[in-house]
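# A closer look at the structure
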2 protein chains.
Amino acid sequence: MRVVGEQPRARDANATRARILAAAKSEFARLGLAGARVDEIARQACANKRMIYHYFGGKEDLFRAVLVEAYLDIRNAEQELELDHLPPREALERLVRFTWAYYLDNPEFITLVNSANLHRGKHLEKSERLQTASRRFVSMVQEILDRGVVDGVFRPGIDPVQLNITIAAIGYYYLTNRFTGTILFERDFMENKALEDRLAFNIDTVMRLVLV
Amino acid sequence: MRVVGEQPRARDANATRARILAAAKSEFARLGLAGARVDEIARQACANKRMIYHYFGGKEDLFRAVLVEAYLDIRNAEQELELDHLPPREALERLVRFTWAYYLDNPEFITLVNSANLHRGKHLEKSERLQTASRRFVSMVQEILDRGVVDGVFRPGIDPVQLNITIAAIGYYYLTNRFTGTILFERDFMENKALEDRLAFNIDTVMRLVLV
DNA sequence: TCAGTAACGCACTAGTTAGTTACTTCTTGC
DNA sequence: GCAAGAAGTAACTAACTAGTGCGTTACTGA
């Protein structure tokens with residue numbers, strides 16, 4: 001790995017671990033768990049393959065670590081939205097826009113989640129950190145709904161989990177199936193106008209769902 | 001493959017081809033393109049591996065054939081719905097119920113589509129058969145929308161492709177991500193009550209989207 | 001009936017792949 | 001300043017995997 005004449009890289013366990021994790025995220029997202037190659041991950045991380053086994057244990061454990069990190073990343077981003085400062089309608093629209101933008105900006109998140117579910121979720125063991133983050137997220141949506149009901153703009157009785165799933169679904173499905181969609185429906189799913197139209201349609205869908 | 005003393009199987013090219021295709025669909029759906037094993041597909045099809053290369057050319061060509069068949073299957077099933085005989089509201093609700101039921105009864109369809117898109121759709125070349133079937137499907141939805149507008153129950157200007165995508169999305173996402181969903185949201189996504197609730201929520205979502 | 005062809009099967013190969021062994025080099029706490 | 005352990009490396013292996021060469025067996029049509 002090291003070229004003759006180069007200085008040996010300064011030893012930095014955290015940096016090496018992080019480089020491996022980033023390379024693994026990219027490769028697992030691109031090719032799936034079975035399609036990704038440990039050697040290629042090591043090469044992209046500028047690390048020796050042995051280090052992967054040293055820090056993570058094995059290919060599947062590395063995949064596990066990538067998944068947990070990906071989920072924590074999105075939950076952290078969601079927390080930074082500070083939706084509780086906004087009026088309920090604006091808060092909800094902002095959540096729909098954020099979800100859409102997050103999927104667009106982090107396409108690897110979608111394929112990682114797909115891979116996790118192809119393997120029936122067995123790499124995402126119950127994690128208190130993740131479940132706490134999810135609970136906080138559901139509470140946040142519940143609070144927006146409650147405030148909307150009090151304000152008389154939202155109808156009561158909406159399940160925040162179902163609403164969450166729907167908000168994710170209408171963006172996620174469009175983007176994850178954009179390749180087959182483009183072929184079957186004979187329109188470019190990724191051109192600017194198409195993306196704007198879809199976002200507008202999704203905001204409309206969610207608003208009609210919750211408004212009185 | 002053949003046990004001593006058994007009669008050689010009667011030669012039937014169509015049957016062998018079909019057995020290979022069925023085994024391939026099952027294995028590709030279960031493990032993805034990279035995870036599936038050609039030897040295992042041959043074993044499950046009770047066929048010699050050589051026959052896969054004889055009939056289909058190679059692993060990727062076999063995957064291609066599986067994909068096209070899967071799409072033609074769902075489009076055929078959709079055509080048998082005969083929604084044009086129903087009043088617009090009933091027709092649309094029936095479409096939502098059908099889509100949901102189809103994903104539930106054919107879980108391999110979902111993972112095959114996911115795999116196709118992981119590989120950026122390159123195994124689903126432009127196929128006149130598939131595109132014709134898709135066009136007919138979009139027309140069917142367009143016709144329901146038009147009739148609804150004439151009847152004064154649906155609002156005008158709804159894009160049938162966007163509506164289709166949304167109908168698919170709200171069922172597909174829930175089912176494809178049921179494993180990670182069950183862990184993160186701490187509720188069983190597949191128990192009867194949960195499935196009923198989701199279907200009801202989805203019908204509600206679509207109706208609120210189209211009704212005046 | 002028999003030659004030609006399509007279906008089928010066995011055994012092999014060349015290349016790949018996750019994981020390991022056995023080592024060297026650097027850093028740090030004392 | 002030095003022992004001990006952590007970081008890093010190269011070469012290896014055993015198992016696997018897609019694909020093939022080549023021969024055999026059963027239909028089929030003339």
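What counts, and where the lines are drawn
- All chains use their own residue numbering, which begins from 1 and follows the written sequence.
- Here every chain gets a letter starting at A, and every ligand a number starting at 1, in the order they are written.
- Local features are withheld for residues below a pLDDT of 70 in this predicted model, meaning they are given only at 70 or higher, and side-chain atom pairs are given and counted only at 80 or more; totals for whole chains, interfaces and linings count all residues.
- Only hydrogens and water are removed before side-chain values are computed, so all heavy atoms of the structure are retained for them.
- By convention in these notes, a residue is near a molecule or strand provided one of its non-hydrogen atoms lies within 4 Å of it.
- Any pair of N or O atoms that falls within 3.5 Å is considered a polar contact. Within protein, one atom must be able to donate a hydrogen and the other to accept it, and sequence-neighbouring residues count only if both atoms are side-chain atoms.
- In DSSP terms, a helix is any run of H or I states spanning at least four residues, a strand is any run of E spanning at least two, and both are numbered starting from the N terminus.
- Overlaid copies result from least-squares superposition on C-alpha atoms, with residues included only where pLDDT is at least 70 in both.
- It only takes one pair of heavy atoms within 4.5 Å for two residues to be counted as in contact.
- Multiply 1.5 Å by the residue count of a helix minus one, and that product is the helix's expected span.
- Only protein chains enter the accessibility calculation, which uses a 1.4 Å probe; a residue is then buried when its area is under 20% of its type maximum, exposed when over 50%, and partly exposed in between.
- Two joining distances apply to patches: 9 Å for like charges and 5 Å for nonpolar side chains (Val, Leu, Ile, Met, Phe, Trp, Tyr), and every residue must have over 30% relative accessible area and no salt bridge.
- Note on areas: Shrake-Rupley, 1.4 Å probe, and residue coverage restricted to the protein chains presented here.
- By salt bridge we mean one thing: a side-chain nitrogen of Lys or Arg within 4 Å of a carboxyl oxygen of Asp or Glu.
- In summary, the charge assignment counts Lys and Arg as positive and Asp and Glu as negative, without counting His or the chain termini.
- Taken as the charge centre is NZ of Lys, CZ of Arg, CG of Asp or CD of Glu, depending on the residue.
- A pocket here means an open set of points on a 1 Å grid, computed over the protein atoms alone, that has protein on both sides within 12 Å along at least five of seven lines. A cavity is instead a set of points where a 1.4 Å probe fits but cannot get out; residues with an atom within 4 Å of a point line either one.
- Grid points are joined across faces, edges and corners, and a volume is the space filled by probe spheres set on the points.
- Here the term charged refers only to Asp, Glu, Lys and Arg, the term nonpolar to Ala, Val, Leu, Ile, Met, Phe, Trp, Tyr, Cys and Pro, and the term polar to all other amino acids, Gly among them.
- Accessible area that two parts lose when put together, with a 1.4 Å probe and added across both, is what the buried area reports.

Now for the protein's contact with DNA strand D. Around DNA strand D, a shell composed of 21 residues is seen, among which R11 of chain A together with R11, R37, K49 and R50 of chain B lie nearest. Between a phosphate oxygen of DNA strand D and a side-chain N or O atom of T16 of chain A, the distance comes to 3.2 Å. With respect to DNA strand D, the side chain of Y53 of chain B contributes an N or O atom lying 3.1 Å from a phosphate oxygen. Every element with two or more residues in the surface near DNA strand D is listed here: α1 (13-35) and α3 (49-56) of chain A together with α2 (38-44) and α3 (49-56) of chain B. Looking at which element gives the most residues to the surface near DNA strand D, the answer is α3 of chain A, with four residues.

A few words on the relation of the copies chain B and chain A. Overlaying chain B on chain A yields an RMSD of 0.0 Å, the required transformation being a rotation through 180° with an accompanying axial translation of 0.0 Å. Seen this way, the second copy is the image of the first under a two-fold rotation axis. Counting the interface residues of chain B, we find that 100% of their copies in chain A are interface residues as well, pointing to one common contact surface.

Residue and element names in this part refer to chain A. Helix length check: helix α6 (residues 107-118) (12 residues) gives 17 Å between terminal C-alpha atoms against 16 Å at 1.5 Å per residue, within 8%. Burial within α6 is extensive, with 10 of its 12 residues counted as buried. Of all the residues in α6, the buried ones are F109, I110, T111, L112, V113, N114, S115, A116, N117 and L118. Phi turns positive one or two residues past the end of α6, at R120, with a value near 60°.

Let's shift gears to the side chain of R178 of chain A. Relative to the helices and strands, R178 of chain A resides in helix α9 (residues 178-184). Within the structure, R178 of chain A has its side chain in polar contact with the backbone oxygen of L175 of chain A (distance 2.8 Å).

Residues and elements named next belong to chain A. On the surface, E80, E82, D84, E143 and D146 cluster together into a patch of negative charge. Structurally, the position occupied by E82 is in the loop between α4 (59-79) and α5 (88-105). Given the relative accessible area of 44%, E82 is considered partly exposed.

Turning our attention to the layout of surface pockets. What the largest pocket holds in volume is close to 1000 Å³. Together, 49 residues line the largest pocket, and N114 and S115 of chain A together with N114, S115 and L118 of chain B are the ones closest to its centre. Counting only elements with at least two residues in the lining of the largest pocket, the list comes to α1, α5, α6, α8 (160-176) and α9 of chain A together with α1 (13-35), α6 (107-118) and α9 (178-184) of chain B. The leading source of residues in the lining of the largest pocket is α1 of chain B, at nine residues. Taken together, the residues of the lining of the largest pocket break down into 20 nonpolar, 18 polar and 11 charged.

What follows is about the interface of chain B and chain A. If you look at the interface, chain B gives 59 residues, while chain A gives 59 residues. Both faces combined, the contact of chain B with chain A buries some 5100 Å², and carbon together with sulfur accounts for 63% of it. A per-residue breakdown of the area chain B buries against chain A is headed by Y173, L184 and R208 of chain B, which together make up 13% of the total. Counting every contact that joins chain B to chain A gives six salt bridges. In this structure, R187 of chain B and D159 of chain A form a salt bridge, with 3.2 Å as the shortest nitrogen-oxygen distance. In this assembly, chain B and chain A are joined by 19 residue pairs in polar contact (both at pLDDT 80 or more). Listing elements by their share of the side of chain B that touches chain A, those giving two or more residues are α1, α4 (59-79), α6, α7 (128-150), α8 (160-176), α9 and α10 (192-210) of chain B.

Let's shift gears to the protein's contact with DNA strand C. Around DNA strand C there are 22 residues in total, and R11, R37, K49 and R50 of chain A together with R11 of chain B lie nearest to it. Among the atoms of DNA strand C lying within 4 Å of the protein, the sugar-phosphate backbone contributes 51%. For DNA strand C, a base oxygen lies 2.5 Å from a polar atom in the side chain of K49 of chain A. K59 of chain A has a polar backbone atom sitting 3.1 Å from a phosphate oxygen of DNA strand C. The element best represented in the surface near DNA strand C is α3 of chain B, accounting for four residues.

These figures capture arrangement, not role.
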